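# Examination of the molecular architecture
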Amino acid sequence: MTTENQPTAGGKRNYDRTSYILVVDDDNTLLKFFKIHLNKFFSRVIVVKNAKEAIDTLREKEIDLVLSDIRMPRMDGLQLMKRVRKHDAAIPVLMISGALLTEEQSKAAEDDADGYLRKPFSVDDLHAFIDNGMKLREKYKRLSELLPDKKVIRDVLRGRAK
């Protein structure tokens, strides 16, 4: 089942409404925004307020895309990204942050994450961000059928395969 929405730049946007989108942020206001807005396009939006809840959700559901804040208490989004990749390398992890990041965090978000979006962002930016993530998910799924070692999928897509 797909839903269509007019994007800002050409063509129609098609989303698989059955995809599981996991949003992780310690800001309750943003979680409410994500839940309300993304439910217009996806029937399975799960919002959680910390990395521990996100990891529990990964064990229970077949997640297709993770949107995570970087700066969170206890376990930050970058640590969560590593755990997601260990769980399933074919799940794209998109990072979101409005906080000032250390140089190390900024580099990791830009180089290691599947996408990085700075707060505040527009709804159009959010949709472009999610579109890219969902396209990556499809590529990861196709590659995982061909490659027995899921850990090399990202390297293949980024042109870094050995």
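Before reading on, note that the structure itself is shown above.
Residues numbered from 1 in each chain as written. Predicted model: local features only at pLDDT ≥ 70, side-chain atom pairs only at ≥ 80, totals over all residues. Heavy atoms only, no water.

### A look at the overall build of the protein
This is how the line gets drawn: Helix and strand definitions here come from DSSP, where helices need a minimum of 4 consecutive H or I residues and strands a minimum of 2 consecutive E residues; each element is numbered from the N-terminal end. Pairs of residues are marked as contacts when any of their non-hydrogen atoms sit within 4.5 Å. In short, Shrake-Rupley with a 1.4 Å probe defines the accessible areas, and a residue's cover is counted only from the protein chains shown.
Counting its regular elements, the protein contains six helices and seven strands. Helices (α) and strands (β) of the protein occur, in sequence order from the N terminus, as β-β-β-α-β-α-β-α-β-α-β-α-α. Sequence separation of 24 or more characterises 62% of the internal contacts of the protein that already satisfy a separation of 6 or more. Of the accessible surface of the protein, which amounts to about 9100 Å², a share of 49% is contributed by carbon and sulfur atoms.

### Things to note about helix α5 (residues 123-146)
Rule in force here: Helix span, expected: 1.5 Å multiplied by one less than the number of residues in the helix. Whether a residue is buried, partly exposed or exposed follows from its accessible area with a 1.4 Å probe, protein chains only, as a fraction of its type maximum: under 20%, in between, or over 50%, in that order.
Taking 1.5 Å of rise per residue, 24 residues should cover 34 Å, and α5 covers 35 Å from first to last C-alpha, within 8% of that figure. Inspection of α5 places L126, H127, F129, I130, D131, G133, M134, L136, R137, Y140 and L143 among the buried residues, and these make up the whole buried set.

### Some points on the pattern of salt bridges
The line we're drawing: Should a side-chain nitrogen of Lys or Arg be within 4 Å of a carboxyl oxygen of Asp or Glu, the pair is scored as a salt bridge.
In total, this model carries seven salt bridges according to the counting rule given. The partner of D64 in a salt bridge is R137, and the shortest N-O contact between them spans 3.3 Å. With a gap of 73 residues between them, D64 in the loop between α2 (51-60) and β5 (65-69) and R137 in helix α5 connect regions that are remote in the sequence. Neither residue differs from the other here; D64 and R137 are each classed as buried. Taking the shortest distance from any N to any O, the salt bridge between K141 and D64 comes out at 3.7 Å. With K141 in helix α5 and D64 in the loop between α2 and β5, the pair connects residues that are 77 residues apart, well separated along the chain. With relative accessibility at 30%, the residue K141 sits in the partly exposed group. Accessibility expressed as a relative area gives 7% for D64, which makes it buried.

### Side note on the nonpolar core
How we decide: Residues grouped as a nonpolar core are buried Ala, Val, Leu, Ile, Met, Phe, Trp, Tyr and Cys residues, joined through side-chain atoms within 4.5 Å.
Core analysis: the largest hydrophobic core is formed by 23 residues, its most contacted members being L22, V24, I63, V66, L80 and V84. Looking at this core, the elements that each hand over two or more residues are β3 (20-24), β4 (44-48), α2, α3 (77-87) and β6 (93-97). Apart from the residues lying within four places of it in its own chain, the contact partners of I63 are Y20, L22, I46, T57, L58, I91 and R137. Counting residues in hydrophobic clusters, the runner-up holds 19 residues, among them L31, F34, F42 and L94.

### Remarks on the pairing of β3
Keep this limit in mind: Every crossover in which the path from the first strand over the helix to the second runs clockwise, viewed with the strands pointing away from the viewer, is termed right-handed. When DSSP finds two or more bridges between a pair of strands, those strands are recorded as paired.
Within β3, five of the five residues are buried, leaving the element largely enclosed by the surrounding structure. The alternating pattern of β3 places Y20, L22 and V24 on one face and I21 and V23 on the opposite face, and all of these are buried. Between the parallel pair β3 and β4, the chain is carried across by helix α1 (residues 28-38), and the sense of this crossover is right-handed. Across four bridges, the pairing between β3 and β5 is parallel. Within β5, the residue paired with L22 across the bridge is V66.

### Topic: the environment of F129
Along the chain, F129 falls in helix α5. What makes F129 buried here is its relative accessible area of 8%. When the C-alpha atoms of F129 and L94 are compared, they prove to be 8.0 Å apart, with 35 residues separating the residues in sequence. Setting aside residues up to four positions removed in sequence, F129 forms contacts with L67, L94, M95, I96, G115, Y116 and L117.

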